[in-house]
Amino acid sequence: MTGHLVVGLVGAALLSSVPAVAAAYASRDGSATFTHTVRFIPVRGSIAGVTASVDLDPANLAATTGSVTVPVVNLKTGIGLRDTHAKGAEALNTAKFPNATFKLEKLTGGKLVEGQTLSTTASGTLTVKGTSKSVSVPVKATLQGGKVNVSTQFKFNPFDFDVRYPGSSDSVTVDVAFVLNAG
């Protein structure tokens, strides 16, 4: 389940472009939420501590590079036993793979303008539970006061990443959000 969050966070982090020239941006306190059906019951959860590191040039978004890390080991669903199962070897195996990551390879669409929200697509490599796949996710970024608010919402199949929580469906919806600061 947590791998889904990682994809979302990475997409959001990679979109930002605030400075007049290429500059480094980072986020240390992002979050991810997810909805996943297990045995016909919708399970909602969150992951705190999402981080992102991005180099971007607002005049050339296509040259943006970066990565997002989602600490799936921080997954919380509100039920301790369910969290333990989700973090177990069959599902996320957080003992061996505590993080999900997204490496940005391509960013498309426009430039950031103060106070306006840009919709774009972040393409790259998502790694969950040691399995890497190419993904593209929609991203929204808003430049406000020198900071970039980044968010994404997307779906993916956890089985593609060998995440096999007993009774789980083949679709997870993930929302990821964070604020990039010049750094």
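What counts as what
Residues numbered from 1 in each chain as written. Predicted model: local features only at pLDDT ≥ 70, side-chain atom pairs only at ≥ 80, totals over all residues. Heavy atoms only, no water. Helix = DSSP H or I, 4+ residues; strand = E, 2+ residues; numbered from the N terminus. Buried < 20%, exposed > 50% of the residue type's maximum accessible area, 1.4 Å probe, protein only. Contact = heavy atoms within 4.5 Å. Salt bridge = Lys/Arg side-chain N within 4 Å of Asp/Glu carboxyl O. Pairing = 2+ DSSP bridges. Axes fitted to C-alpha atoms, helices over the stretch in contact; angles between N-to-C directions. Phe/Tyr/Trp six-rings, centres within 6.5 Å; stacked < 30°, edge-to-face > 60°. pLDDT = per-residue confidence, 0-100.

1. A word on the overall build of the protein
Logical step 1: In terms of regular secondary structure, the protein is built from two helices and eight strands.
Logical step 2: Listing the helices and strands of the protein from first to last along the sequence gives α-β-β-β-α-β-β-β-β-β.
Logical step 3: Relative to its 183 residues, the protein shows a buried fraction of 47%.
Logical step 4: In the protein, once contacts between residues fewer than 6 apart in sequence are set aside, the share between residues at least 24 apart is 66%.

2. Re the pattern of salt bridges
Logical step 1: Enumeration over the complete set of coordinates arrives at two salt bridges.
Logical step 2: Aspartate 162 is the salt-bridge partner of lysine 129, the closest N and O atoms lying 4.0 Å from each other. With lysine 129 in the loop between strand 5 (117-128) and strand 6 (131-144) and aspartate 162 in the loop between strand 7 (147-156) and strand 8 (168-182), this pair connects stretches of sequence that are 33 residues apart.
Logical step 3: Judged by its relative accessible area of 38%, aspartate 162 is partly exposed.
Logical step 4: Across the pair arginine 164 and aspartate 162 runs a salt bridge whose closest N-O atoms are separated by 3.1 Å.
Logical step 5: Beyond isolated ion pairs, a larger network of salt bridges with shared partners links Lys129, Asp162 and Arg164.

3. Section: the sheet that holds strand 5
Logical step 1: If you walk around this closed barrel you meet the eight strands as 1-2-3-4-5-6-7-8, and the pairing is antiparallel. Strand after strand, the sheet turns through a mean of 25 degrees between neighbouring axes, direction not considered.
Logical step 2: Sheet analysis places strand 7 next to strand 8, joined by nine bridges and oriented antiparallel. Bridge pairing links threonine 152 to valine 176 in strand 8.

4. Section: the packing of aromatic side chains
Logical step 1: Inspection of the entire model under this criterion finds two aromatic pairs.
Logical step 2: Here the aromatic rings of phenylalanine 156 and phenylalanine 161 are separated by 5.5 Å at their centres, their planes lie at 90 degrees, and the arrangement is edge-to-face.
Logical step 3: Among the residues examined, phenylalanine 156 registers a relative accessible area of 11% and is labelled buried.
Logical step 4: Accessibility expressed as a relative area gives 3% for phenylalanine 161, which makes it buried.

5. Side note on the confidence of the model for the protein
Logical step 1: The predicted model of the protein has a mean per-residue pLDDT of 86, with 87% of residues at 70 or higher.
Logical step 2: Throughout residues 1-19 the model reports pLDDT below 50, and contacts reaching past four residues in sequence, or to other chains, amount to 127 contacts.

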